[in-house]
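Secondary and tertiary structure notes
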Amino acid sequence: RDEDANERILGSEWFKAYPVPFISAFTVVINPQQTARASLVLHNTAGQTVFVKYIDVQSGVYQRISFNNLSSLGSGIYWLTYNDGKNSKILRLVKQ
């Protein structure tokens, strides 16, 4: 079941990305804490916004969001921020 796979990926977290490190794409798994319009913003270490995605999330309904075609990004550390207006979390990602 997809829900079981999502639970295995997330463990005790509600927001996680894989694979880390990534080469040209990564996937985010979310178990939203509330129903809202959320943003996913990818920043480089200089603080510049590299990519933005807006998604509608529903409390307790798992979502997988893919970030593809990122091979043009330089290797290094990136920060992915989730914000739904009430909950926010930042993940550290590494691009090979």
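Residues numbered from 1 in each chain as written. Predicted model: local features only at pLDDT ≥ 70, side-chain atom pairs only at ≥ 80, totals over all residues. Heavy atoms only, no water.

1. Observations regarding the overall build of the protein chain
Threshold: Numbering of helices and strands runs from the N terminus, with a helix taken as a DSSP run of H or I at least four residues long and a strand as a DSSP run of E at least two residues long. Three labels apply to residues, based on accessible area from a 1.4 Å probe with only protein chains included: buried if under 20% of the type maximum, exposed if over 50%, partly exposed otherwise in between. For this analysis, residues touch if any pair of their heavy atoms sits within 4.5 Å.
Helix and strand counts for the protein chain come out as 1 helix and 7 strands. Dimensions along the principal axes, computed over C-alpha positions, put the protein chain at roughly 35 × 30 × 20 Å. In the protein chain, which comprises 96 residues, the share counted as buried stands at 39%. In the protein chain, once contacts between residues fewer than 6 apart in sequence are set aside, the share between residues at least 24 apart is 56%.

2. Re the packing of aromatic side chains
Here is the rule: Only rings of Phe, Tyr and Trp enter the pairing, Trp through its six-membered ring, and a pair is recorded when the two centres are within 6.5 Å. The plane angle decides the type: under 30 degrees is stacked, over 60 is edge-to-face, the rest tilted.
Summed over all chains, the structure comprises 6 aromatic pairs. Taken together, a centroid distance of 6.0 Å and an interplanar angle of 35° make the contact between Trp14 and Phe15 tilted. In this structure Phe15 comes out as buried when scored by relative accessible area, which is 1%. A ring pair is formed by Trp14 and Tyr82, whose centres lie 5.2 Å apart and whose planes are at 75°; its orientation type is edge-to-face. On the criterion of sequence distance, the pair formed by Trp14 in the loop between helix 1 (2–10) and strand 1 (15–18) and Tyr82 in strand 6 (residues 76–83) is long-range, its members being 68 residues apart. Accessibility assignment for this pair places Trp14 and Tyr82 in one class, buried.

3. Describing helix 1
As a reminder, the rule being used: To be clear, the arc concerns the directions from the helix axis to the C-beta atoms.
Within helix 1 the residues assigned to the buried category are Ala5, Asn6 and Leu10. Angular distribution of buried residues about the axis of helix 1 spans 130°; they occupy a single face of the element. Contact partners of the buried residues in helix 1: strand 1, strand 2 (26–30) and strand 5 (63–67). A positive phi of about 60° marks Gly11, the residue just after helix 1.

4. Some details on the pairing of strand 6
For the record, the criterion: Being paired, for any two strands, means DSSP has found at least two bridges between them.
For strand 3 (residues 36–44) and strand 6, the ladder comprises 6 bridges, and the chain directions are antiparallel. Looking at the pairing, Ser39 lines up with Asn83 of strand 6. Here strand 6 pairs with strand 7 (residues 88–95) via 8 bridges, running antiparallel. By the bridge assignment for strand 7, Asn83 is matched with Ser88. Between strand 6 and strand 7, which pair antiparallel one after the other, the connecting turn spans 4 residues, and Gly85 there sits at a positive phi close to 95°.

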